[in-house]
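Read off the chains here:
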Amino acid sequence: MSDPLLETRNLETFYGPIMAIAGVSLKVAEGSIVTVLGANGAGKTTLLKTISGAIDCRKGQVLFGGEPIQNRDPDEVARRGIGHVPEGREVFPFLSVGENLTLGAWGRSDRAGIARDLETVYGYFPDLRTKHRDMAGFLSGGQQQMLAIGRAFMGNPKLMILDEPSLGLSPLLTRTIFAIIRRINREQGVTVLLVEQNARAALEVADHGYVMEVGRVVMEAPCAVLMESEDVKEFYLGKA
Ligand code: ATP
């Protein structure tokens, strides 16, 4: 791999005495989609929060474009080009769809670029264009997920990190949203780190995958290889 866009080295993150991330090292090549699979409580959310600066690590490094960014302010991490789509969407329910998207561009002053990216988001998610003036809190779960992705895209990220975008969505909506994630990656050149419990959907969209168990990486391989792994089939794809 050429120099990765994102790398974590021996990352350790604690909640008080509880070690949630126990020395995680991973690499995300520029232009790729990388997925991190794992059951409930494996540490996936903590990993993303540590990368985005929402939680500090106790040890290790997060390198973005080769520069250490661990334990920086989340605003600074976002300005450097990491867009975090958090678990549970966290859209602003009392603001309109359009206002949520505009807020995603808070760090930017290139008005023409912002207008172009808004059009791109509405092109990918026609539902959001239709509901431009509606309050975000009235959207369906799937539409809120679209809005959360669109809002992160409005920050003009080099890397999007997505926390369980399929959570609570029907298989059909999950396919729709994952297809757009792939288009954003291929058409817009945004590198993607995707955390998922829905292993099948994630392995279909991603290039490379990591499997986490209790705070550690226990397996790493191209997705085509992981899909054929007996352990992955048994524990994550629901068949032996
Ligand atoms: P999920 O899919 O349920 O979000 P996850 O793989 O994202 O799971 P984390 O949420 O990162 O896992 O949790 C990792 C570990 O840290 C778990 O043991 C969890 O109980 C613990 N943990 C998470 N958040 C906190 C917190 N705020 N305080 C204490 N422990 C926490």
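The structure under discussion appears in the preceding block.
Description of the structure in this document. If you're wondering where the values come from, they're calculated on a predicted model, not measured in any experiment.

Quick look at the overall build of the protein chain now. Looking only at helices and strands, one finds 10 helices and 10 strands in the protein chain. In summary, the protein chain has a C-alpha radius of gyration of 17 Å against a globular reference of 18 Å for 240 residues, a match within 12%. Overall size of the protein chain, expressed as C-alpha extent along the three principal axes, is 45 × 40 × 35 Å. Of all 240 residues assigned to the protein chain, the portion counted as buried reaches 51%.

Now for the nonpolar core. The biggest cluster of nonpolar side chains holds 46 residues, and the ones touching the most others in it are Leu128, Ile149 and Met160. Of the residues forming this core, the biggest block, six residues, is contributed by helix H6 (residues 141–153). Residue contacts for Met160: discarding those within four places in its chain leaves Gly83, Val85, Ile149, Ala152, Phe153, Ile184, Val190, Thr191, Val192 and Leu193. Residues Val28, Val36, Val62 and Ile161 belong to the second largest nonpolar core, which totals 25 residues.

The subject of this paragraph is the site of the ligand. In the vicinity of the ligand lie 13 residues, with Asn40, Gly41, Lys44, Thr45 and Thr46 positioned nearest. With respect to the ligand, the side chain of Thr46 contributes an N or O atom lying 2.5 Å from an oxygen atom. In this structure, an oxygen atom belonging to the ligand sits 3.1 Å away from a side-chain N or O atom of Gln197. Among the elements that line the shell around the ligand, the one with the most residues is helix H1 (residues 44–52), at three residues. Class assignment for the residues of the shell around the ligand results in four nonpolar, six polar and three charged.

Let us now look at the sheet that holds strand E5 (residues 67–68). Within the open sheet, the four strands sit side by side as E2-E1-E4-E5. Their pairing is antiparallel. Strand pairing shows two members of the sheet lacking a second neighbour, strand E2 (18–28) and E5, which therefore form its edges. One ladder, built from eight bridges, connects strand E1 (residues 6–15) with E2; its direction is antiparallel. The residue of E2 that forms the bridge with Thr13 is Ile21. Across the sheet, H1 lies against E1, E2 and strand E4 (59–64), angled at about 110° from E1, the strand it touches most.

Before going further, it helps to examine the environment of Arg129. Topologically, Arg129 is positioned in helix H5 (residues 126–130). Expressed as a C-alpha distance, the spacing of Arg129 and Glu187, which sit 58 residues apart in the sequence, is 20 Å. Every residue in contact with Arg129, bar those within four places of it in the chain, is listed here: Glu119, Tyr122 and Gly123. Of note is the side chain of Arg129, whose polar atom sits 3.1 Å from the side chain of Glu119.

A few words on the packing of aromatic side chains. Evaluation of the coordinates by the stated rule reveals zero aromatic pairs. Taking the ring centre of Phe14 as reference, the NZ or CZ of Arg58 above it sits at 3.7 Å.

Right, let's get into the sheet that holds strand E8 (residues 191–196). The mixed open sheet is built from six strands, whose spatial order is E6-E7-E8-E3-E9-E10. One side of each edge strand has no neighbouring strand; the edge strands of this open sheet are strand E6 (82–85) and strand E10 (216–222). Along the sheet, successive strands turn relative to each other by an average axial angle of 15°, direction set aside. Relative to E8, strand E3 (residues 33–37) runs parallel, the two sharing five bridges.

Cut-off values and rules
- Residues numbered from 1 in each chain as written.
- Predicted model: local features only at pLDDT ≥ 70, side-chain atom pairs only at ≥ 80, totals over all residues.
- Heavy atoms only, no water.
- Helix = DSSP H or I, 4+ residues; strand = E, 2+ residues; numbered from the N terminus.
- Rg over C-alpha atoms; globule rule 2.2 N^0.38 Å.
- Buried < 20%, exposed > 50% of the residue type's maximum accessible area, 1.4 Å probe, protein only.
- Core = buried A, V, L, I, M, F, W, Y, C linked by side-chain atoms within 4.5 Å.
- Contact = heavy atoms within 4.5 Å.
- Near = heavy atom within 4 Å.
- Polar contact = N/O pair within 3.5 Å; in protein donor to acceptor, adjacent residues only side chain to side chain.
- Nonpolar A, V, L, I, M, F, W, Y, C, P; charged D, E, K, R; others polar.
- Pairing = 2+ DSSP bridges.
- Axes fitted to C-alpha atoms, helices over the stretch in contact; angles between N-to-C directions.
- Phe/Tyr/Trp six-rings, centres within 6.5 Å; stacked < 30°, edge-to-face > 60°.
- Lys NZ or Arg CZ within 6 Å of the ring centre and 35° of its normal.

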